[in-house]
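The primary structure of each chain is shown beneath.
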Amino acid sequence: MTPVVKALVTAASASYTANCALGIAVATGRLDTSRARWVHHAVYVATVTLSLGAAAALLRTRDRALLRLLPAAVPLAAIPHVSARTRGHVLLALTAAPAYVATLAAVRS
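Thresholds applied
- Residues numbered from 1 in each chain as written.
- Predicted model: local features only at pLDDT ≥ 70, side-chain atom pairs only at ≥ 80, totals over all residues.
- Heavy atoms only, no water.
- Axes fitted to C-alpha atoms, helices over the stretch in contact; angles between N-to-C directions.
- Helix = DSSP H or I, 4+ residues; strand = E, 2+ residues; numbered from the N terminus.
- Parallel < 35°, antiparallel > 145°, perpendicular 65-115°, else oblique.
- Left-handed = near helix turned anticlockwise from the far one by under 90°.
- Contact = heavy atoms within 4.5 Å.
- Nonpolar A, V, L, I, M, F, W, Y, C, P; charged D, E, K, R; others polar.
- Expected span 1.5 Å × (residues − 1).
- Buried < 20%, exposed > 50% of the residue type's maximum accessible area, 1.4 Å probe, protein only.
- Core = buried A, V, L, I, M, F, W, Y, C linked by side-chain atoms within 4.5 Å.

Below, the discussion takes up the packing of helix α1 (residues 3–27) against helix α2 (residues 38–60). Interhelical geometry of α1 versus α2 gives an angle of 155° and a closest axis separation of 8 Å. As judged from the angle between their axes, α1 and α2 are roughly antiparallel. You can see that α1 and α2 cross each other, and the crossing is left-handed. Here Val5, Leu8, Val9, Ala11, Ala12, Ser15, Tyr16, Ala18, Asn19, Leu22 and Gly23 of α1 come into contact with α2, specifically with Val39, His40, Val43, Tyr44, Ala46, Thr47, Leu50, Ser51, Gly53, Ala54, Ala57 and Leu58. Of the residues that constitute the contact of α1 with α2, the class distribution is 16 nonpolar, seven polar and no charged.

Structural data, given as structure tokens:
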């Protein structure tokens, strides 16, 4: 496992976690981003970009951890089409968590 692959998987996982934390904070009223809604969108774009980079690096190195990351692609692709004001948005976003945890564990071992 190369340091670059580990770094990309770690960064993608951290970005996903940060985006979920931000979304939960907004949904529960602990944080008001009404004047800066773009922040959540920017972190989402960073998450997708880092995840694509991690997937490309795993593919290039033929690392089987790629198979653990791939399931995250479905919720990441679908989430923009589900209203952020619904419970479905939260549940869909959380379905990517196992893929990030499994991939992170695979590259750390």
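From this point, things continue past the structure.
A few words now on α2. Under the 1.5 Å per step criterion, the end-to-end length of α2 is 33 Å for 23 residues, consistent within 8% with the ideal 33 Å. Restricting attention to buried positions, one finds in α2 the residues Thr47, Ser51, Ala54, Ala55, Ala57 and Leu58. For α2, the secondary structure elements touched by its buried residues are α1, α3 (66–69), α4 (73–78) and α6 (97–108). Immediately beyond the C-terminal end of α2, within one or two residues, lies Arg62, with a positive phi of roughly 55°.

The contact between α1 and α6 brings their axes to 10 Å, and the two run at 150°. Relative to α6, the element α1 is oriented roughly antiparallel. The way α1 lies across α6 gives a crossing that is left-handed. Between α1, through Lys6, Val9, Thr10, Ala12, Ser13 and Tyr16, and α6, the contact on the second element is made entirely by Ala97, Tyr100, Thr103, Leu104, Val107 and Arg108. The residue inventory of the contact of α1 with α6, partitioned by class, reads seven nonpolar, three polar and two charged.

Along the chain, the position of Ala36 falls in the loop between α1 and α2. Overall, the relative accessible area of 24% leaves Ala36 in the partly exposed class. Each C-alpha atom, one on Ala36 and one on Lys6, is 31 Å from the other, the two residues being 30 residues apart in sequence.

The biggest cluster of nonpolar side chains holds 19 residues, and the ones touching the most others in it are Val9, Leu58, Leu69, Ala72 and Tyr100. Contributions of two or more residues to this core are made by α1, α2, α3 and α6. Here the element with the most residues in this core is α1; it accounts for five residues. Beyond its immediate stretch of four places on either side in the chain, Tyr100 contacts Ala12, Ser13, Tyr16, Thr47, Ser51, Leu69, Ala72 and Leu76.

Below, the discussion takes up the side chain of Ser15. Tracing the sequence through the fold places Ser15 in helix α1. Each residue touching Ser15, except ones within four places of it in the same chain, is listed here: Val43, Ala46, Thr47 and Leu50.

As a further point, take the side chain of Thr33. Residue position: Thr33 is located in the loop between α1 and α2. What makes Thr33 buried here is its relative accessible area of 17%.

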